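Secondary and tertiary structure notes
The residues making up each chain are set out below.
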Amino acid sequence: DGYKKGESPDWYNSDDSVGIEVTQAIMQEDGEAQSVVNQYLGRQKAEIPEDILRRYEGRTYFYNDRLWAIMPEAGKEENLTACEKALYRLGKKLERLNTNYTEFNTNALYLYLHESSIANEEVTGFIRSAEEKQKDCARKFDTVFLNCVNALRVVDMKNGRWETVHIPQDALVFMRSRTEQMRHGMEWQDG
């Protein structure tokens, strides 16, 4: 209760002075490809701009003559861990936090990692690197949520500690269903 949908940050509560930025722990080019899929999913080839088809030539996957996916680049190996991608995204969001975000007393970052097996040592390494990235910044993220699919690592950046909240399978099913209902059941006027 009390949270509103916004942009920079994505969710905020003015009464409690909390802002939460939500993003995926992915690299820039993966995010760009995902954005194209989000925009043109289900469209026929003729409905997709030529420059986009050229950019992803050989990687677009059509099913029933409609865009279904953009495949990863052939031969390109993904060597970054989920936490390394999370650090990359934290760096990008930290730049924006310090330039064009509305600042709140508590500034949080929610990162969806797309992986469920994140070891405690990886979280510890993430915290050390995140502290280093933030040390000279005027504005910092106070809390970072690392969504590891079936568990949420809640990191308190002020003291370098975290707790793990395990998410039961039936709760995951419910949350996915409810999210889809909300996404398609209302207008999102503020982003």
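You'll find the structure just up there.
Basis of the calculations
Along each chain, the written sequence defines residue order, and numbers are assigned to residues from 1. Totals for whole chains, interfaces and linings use every residue, but because this is a predicted model, local features are given only for residues with pLDDT of at least 70 and side-chain atom pairs only at 80 or more, for both listing and counting. Side-chain metrics rest on all non-hydrogen atoms present in the structure, leaving aside hydrogens and water. What counts as a ring pair is set by centres within 6.5 Å for rings of Phe, Tyr and Trp (its six-membered ring), and what kind of pair is set by the plane angle: stacked under 30 degrees, edge-to-face over 60, tilted for all other angles. Working definition: helices are DSSP H or I runs of at least four residues, strands are E runs of at least two. Numbering for both runs from the N terminus. In this description, strands pair whenever DSSP reports at least two bridges between them. Each residue is placed in one exposure class: buried if its accessible area under a 1.4 Å probe, protein chains only, is under 20% of its type's maximum, exposed if it is over 50%, and partly exposed if it falls in between. We call two N or O atoms a polar contact when they sit within 3.5 Å, provided that within protein one can donate a hydrogen and the other can accept it, with sequence-adjacent residues counted only if both atoms are side-chain atoms.

Let's shift gears to the packing of aromatic side chains. A full pass over the atoms with the stated rule returns three aromatic pairs. Between Tyr12 and Phe104 the ring centres are 6.1 Å apart and the planes differ by 15°, which places this aromatic pair in the stacked class. Of the two residues, Tyr12 is situated in strand β2 (residues 11-13) and Phe104 in the loop between α3 (82-97) and β6 (106-112); the sequence distance between them amounts to 92 residues. On the numbers, 5.9 Å between centres and 35° between planes, the contact of Tyr110 with Phe145 is tilted. Linking Tyr110 in strand β6 with Phe145 in strand β7 (residues 143-147), this pair joins segments that are 35 residues apart in sequence.

The pairing of strand β4 (residues 60-63) with strand β5 (residues 66-70) spans four bridges and is antiparallel. Looking at β5, one finds that Tyr63 is bridged to Arg66.

Relative to the helices and strands, Ser17 is located in the loop between β2 and β3 (18-24). Its relative accessible area of 15% is what places Ser17 among the buried residues. Of the polar contacts made by the side chain of Ser17, one reaches the backbone nitrogen of Asn105; its length is 2.8 Å.

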